[in-house]
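Tertiary structure, described
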Amino acid sequence: MAQGAPHRTAVTASLADARPAPYWLDDPGRPAALPALTGDEHCDLLVVGGGYSGLWTALLAKERDPARDVVLIEGREVGWAASGRNGGFCAASLTHGFANGLARWPGDLAKLEDLGARNLDAIEAAVARYQLDCDFERTGEIDLATEPYQLAGLHETYEEATALGVPGLELLDRDAVRAEVDSPTFLGGVWDRRGVAMLHPAKLAWGLKRACADLGVRIHERTPALGLARSGAAMAVRTPYGRVFARRVALGTNVFPSLVRRVRPYTVPVYDYALMTEPLTAEQLGAVGWHNRQGLADSANRFHYFRLTADQRILWGGYDAVYPFGGRLSAGRDHRPETYRTLAAHFFRCFPQLAGVRFSHTWGGAIDTCTRFAPFFGTAYGGRVAYAAGYTGLGVGATRFGGEVMLDLLAGERTERTEPAMVREKPLPFPPEPAAWAGIALTQWSLARADERGGRRNAWLRTLDRLGLGFDS
């Protein structure tokens, strides 16, 4: 056991009473599911998927044209998957962070940063306009250095972002960052004061469901989409007990297999895991500080993300990103006790002053990732169908932008959102198995080695960097 690491008995005890369920969804205010589709429906726009991507698309479609007839179908319940169990970090970035955007789209990055900032402003405005009770707090995020080599990378990103005119960034040294949140592992950080909001992810999804319904969107839950085909001048989506005929279709299925089969090789599922503590006492909170309630994330390849909830718990997630062979989704992978033990040990190493705190909830689930980490977009069936996918863990905010792009594409409009290369171009697809499994496994091993060796990237990672490829969560 590494020096300063918590004893395994204490780690096991901290998890002993944890409920294996997403904290956010374990809420008495969870709305009842709306009735499934039976028979045939006709509409102007069909939205497939009741996560953020589909909900924002449906809401924006009604805002653009209140007379448009919109139907949304969801295979289970609105917000049950990644939209209801993520960390609740609502980021302005559309490019999975500034550094990734700079590496891939340097010529467009200033525009993408502006679009992202305006998108987050629009989310904040929608929260107020529709009275979405989702604990929205625009407190920002601190990207942390927990190893000396990470300081140089943070300084470089800060300087590049500041030179591009990104507002609201503050460089923090060791004392300054520990004055914000106290951990002996924190060596410095960059605080993005305006570019990230914290929120309750499930309540955001439930609030968007209500807002959509209030605007006249017809929502059918427990209605999986089983097939997509042309039907004259329209599209037909088959469900277990009926069909929906629509002039246009927007697909917000993300990690789940796309109804457009040629899109499937562009994403793979990654299983991500998180813990939630019991509510902290005033004394425990005082020992940590955290008065400004920012989101936090360290700068390792296998990184952690953590934040405070409205009822003073700490969510602690990340580190392990598990790819299942063949990309097969399974509810059996939603829980991984060995990862929970690892996360708990890392939590107490970060916050030794919280020894004795117990975890109330443990959970995991699949998100989609693509080889460039940021979302991609496109159309099919002669422009009648649009899709957006590949958000790679940063979809809480970017899905609203994705909804705007899908509606622009379905309308055949060239807008400031459809002009950037990020929107016009696609990532490279993942290779078929077993090459995907072998490549991802080698990449994960290499990333772990880089974390252990002061950030030094081996030949495999350097090759991926040159090709613009990667694997992330």
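The residue numbering used here restarts from 1 in each chain and proceeds along that chain's sequence as written. In keeping with the model being predicted, local features are shown solely for residues with a pLDDT of at least 70 and side-chain atom pairs are shown and tallied solely at 80 or more, while totals for entire chains, interfaces and linings include all residues. Side-chain figures throughout are based on the complete set of non-hydrogen atoms in the structure, without hydrogens or water.

**A short note on the packing of aromatic side chains**
- Note on aromatic pairs: the rings of Phe, Tyr and Trp (six-membered ring only in Trp) are paired at centre separations within 6.5 Å, and the planes decide the class, stacked below 30 degrees, edge-to-face beyond 60, tilted for the rest. Summed over the entire model, instances satisfying the criterion amount to 21 aromatic pairs.
- Taken together, a centroid distance of 5.9 Å and an interplanar angle of 35 degrees make the contact between tryptophan 80 and phenylalanine 256 tilted. A residue pair is termed long-range when its members are at least 10 positions apart, and tryptophan 80 in the loop between β2 (70-73) and α3 (82-85) and phenylalanine 256 in the loop between β11 (242-251) and β12 (268-277) qualify at 176 residues.
- The partly exposed category is assigned to tryptophan 80, whose relative accessible area is 23%.
- Only protein chains enter the accessibility calculation, which uses a 1.4 Å probe. A residue is then buried if its area is under 20% of the maximum for its type, exposed if over 50%, and partly exposed in between. Look at phenylalanine 256 and you get partly exposed, because its relative accessible area is 35%.
- Within the aromatic cluster, the residues linked to one another by ring pairs are Phe186, Trp290, Phe306, Trp316, Phe347, Phe348, Phe351 and Phe359.
- Of note, arginine 76 hangs over the ring of tryptophan 80, and the distance from its end group to the ring centre comes to 3.8 Å.
- Arginine 104 extends its terminal NZ or CZ atom over the ring of phenylalanine 373, reaching a point 5.2 Å from the ring centre. Helix and strand assignments follow DSSP, with helices taken as H or I runs no shorter than four residues and strands as E runs no shorter than two, numbered in order from the N terminus. Criterion for a charge above a ring: Arg CZ or Lys NZ at most 6 Å from the ring centre, at most 35 degrees from the ring normal.

**Some details on the pattern of salt bridges**
- Between Lys or Arg on one side and Asp or Glu on the other, a salt bridge is scored when a side-chain nitrogen of the former is within 4 Å of a carboxyl oxygen of the latter. Following the criterion strictly, the structure yields 30 salt bridges and no others.
- For arginine 138, the salt bridge identified is with aspartate 121, shortest N-O distance 2.8 Å. Note that arginine 138 is positioned in the loop between α5 (109-129) and β4 (141-145) and aspartate 121 in helix α5, a separation of 17 residues in sequence.
- Classification of arginine 138 as buried rests on a relative accessible area of 16%.
- Between aspartate 320 and arginine 302 there is a salt bridge; the shortest N-O distance is 2.7 Å. Highlighted residues: aspartate 320 in the loop between β15 (314-318) and α10 (337-350) and arginine 302 in the loop between β13 (295-298) and β14 (304-308), separated in sequence by 18 residues.
- The exposure class of aspartate 320 is buried, given its relative accessible area of 10%.
- Judged by its relative accessible area of 26%, arginine 302 falls in the partly exposed class.

**Points about empty space enclosed by the protein**
- Grid points spaced at 1 Å and placed over the protein atoms alone form the basis of the search, with a cavity being a set where a 1.4 Å probe fits but cannot get out and a pocket an open set showing protein on both sides within 12 Å along at least five of seven lines. Lining residues have an atom within 4 Å of a point. Grid points are joined across faces, edges and corners, and a volume is the space filled by probe spheres set on the points. For the structure on display, the rule yields one cavity of 30 Å³ or more.
- If you go around the largest cavity, the residues you meet are Arg30, Pro31, Ala32, Ala33, Glu77, Val78, Trp206, Lys209 and Glu221.
- Charged residues are taken to be Asp, Glu, Lys and Arg, nonpolar residues to be Ala, Val, Leu, Ile, Met, Phe, Trp, Tyr, Cys and Pro, and polar residues to be all remaining types, Gly included. For the lining of the largest cavity, a count of residues per class yields five nonpolar, no polar and four charged.

**Topic: the side chain of serine 53**
- You can see serine 53 is positioned in helix α2 (residues 52-64).
- Should any heavy atoms of two residues lie within 4.5 Å, those residues are counted as being in contact. Beyond its immediate sequence surroundings of up to four residues, serine 53 is in contact with Gly252, Asn254, Tyr391, Thr399 and Met406.

**Some thoughts on the environment of leucine 259**
- When you line up the elements, leucine 259 lands in the loop between β11 and β12.
- Spatially, the C-alpha atoms of leucine 259 and valine 385 are 9.9 Å apart, while their sequence positions differ by 126 residues.
- Leaving out residues up to four positions away in the same chain, leucine 259 has contacts with Val48, Ala225, Leu226, Gly227, Leu228 and Leu251.

**A few points about the sheet that holds β15**
- The pairing criterion is simple: DSSP has to find at least two bridges between the two strands. Taking strand neighbours across the sheet as the criterion, the eight strands line up as β5-β6-β4-β13-β14-β15-β12-β16 in an open arrangement whose pairing is mixed. Edge strands, defined here as strands with exactly one partner in the open sheet, are β5 (169-172) and β16 (359-369). The average undirected angle you get between the axes of adjacent strands in this sheet is 20 degrees.
- Bridging between β4 and β13 involves four bridges; their strand directions are parallel. Its bridge partner being in β13, isoleucine 142 is matched across the sheet by leucine 296.
- Lines are fitted to the C-alpha atoms to define the axes, a helix being fitted only along its stretch in contact, and any angle between axes, read from their N-to-C directions, falls within 0 to 180 degrees. Across the face of the sheet, α10 comes into contact with β12, β14, β15 and β16 while running at roughly 50 degrees to β12.

**A short note on the nonpolar core**
- Remark: nonpolar core denotes a set of buried residues (Ala, Val, Leu, Ile, Met, Phe, Trp, Tyr, Cys) joined through side-chain atoms within 4.5 Å. Ranked by internal contacts, the top residues of the largest apolar core, which has 51 residues, are Leu45, Tyr52, Leu132, Leu199, Leu204, Leu208 and Phe377.
- Contributing elements (two or more residues each) for this core: β1 (39-48), α2, β2, α5, α8 (201-214), β18 (385-389), α11 (395-411) and α12 (421-424).
- Excluding its chain neighbours within four sequence positions, the residues that come into contact with leucine 132 are Ala126, Val127, Leu204, Gly207, Leu208, Arg210 and Ala211.
- Ranked by size, the runner-up nonpolar core spans 35 residues in total, among them Leu172, Val288, Phe306 and Trp316.

**A few points about helix α1 (residues 8-15)**
- The complete set of buried residues in α1 reads Val11, Ser14 and Leu15. All buried residues of α1 lie within an arc of 95 degrees about the axis, which places them on one face of the element.
- Structurally, α1 contributes buried residues whose contacts are with β12, α10 and β16. Note that the arc is defined by the directions from the helix axis to the C-beta atoms.

**Observations concerning the environment of lysine 426**
- Within the secondary structure layout, lysine 426 lies in the loop between α12 and α13 (435-452).
- For lysine 426, a relative accessible area of 34% puts it in the partly exposed group.
- Among residues more than four places away in sequence, those in contact with lysine 426 are Tyr266, Arg372, Phe377, Gly378 and Tyr387.
- Only 3.3 Å separates the side chain of lysine 426 from the backbone oxygen of phenylalanine 377, close enough to count as a polar contact.
- A 3.5 Å cut-off defines polar contacts: any pair of N or O atoms within that distance qualifies, except that in protein one atom must be a possible hydrogen donor and the other a possible acceptor, and neighbouring residues in sequence count only when both atoms are side-chain atoms. At a separation of 3.4 Å, a polar atom in the side chain of lysine 426 contacts the side chain of tyrosine 387.

**As for the packing of α1 against α10**
- Two elements in contact, α1 and α10, have axes whose closest approach is 9 Å; the angle formed by their N-to-C orientations is 110 degrees. Taken together, the axes of α1 and α10 are roughly perpendicular relative to one another. Here α1 and α10 pass one another in a crossing that is right-handed. Contacts between α1 and α10 involve Val11, Ser14 and Leu15 from the former and Tyr340, Arg341, Ala344, Ala345 and Phe348 from the latter. Just so you know how the angles are binned, under 35 degrees is roughly parallel, over 145 roughly antiparallel, 65 to 115 roughly perpendicular, and the rest oblique. Each crossing gets its hand from how the near helix is turned against the far one by less than a right angle, where anticlockwise is left-handed and clockwise is right-handed.

**Observations concerning the state of the cysteines**
- Cysteine sulfur atoms that pair up within 2.5 Å are treated as a disulfide. A full pass over the atoms with the stated rule returns zero disulfides.
- Residue cysteine 134 stays outside any disulfide, its sulfur separated by 8.4 Å from that of cysteine 90, the closest cysteine.

**Examining the packing of α2 against α11**
- α11 packs onto α2 with a crossing angle of 50 degrees between their chain directions and a minimal axis gap of 8 Å. Taken together, the axes of α2 and α11 lie oblique to each other. Once α2 is placed against α11, the crossing between them reads as right-handed. Taking contact as the criterion, the partners of Tyr52, Ser53, Trp56, Thr57, Leu60, Ala61 and Arg64 in α2 are, on α11, Gly395, Val396, Thr399, Arg400, Gly403, Glu404, Met406, Leu407 and Asp408.
- Class assignment for the residues of the contact of α2 with α11 results in seven nonpolar, five polar and four charged.

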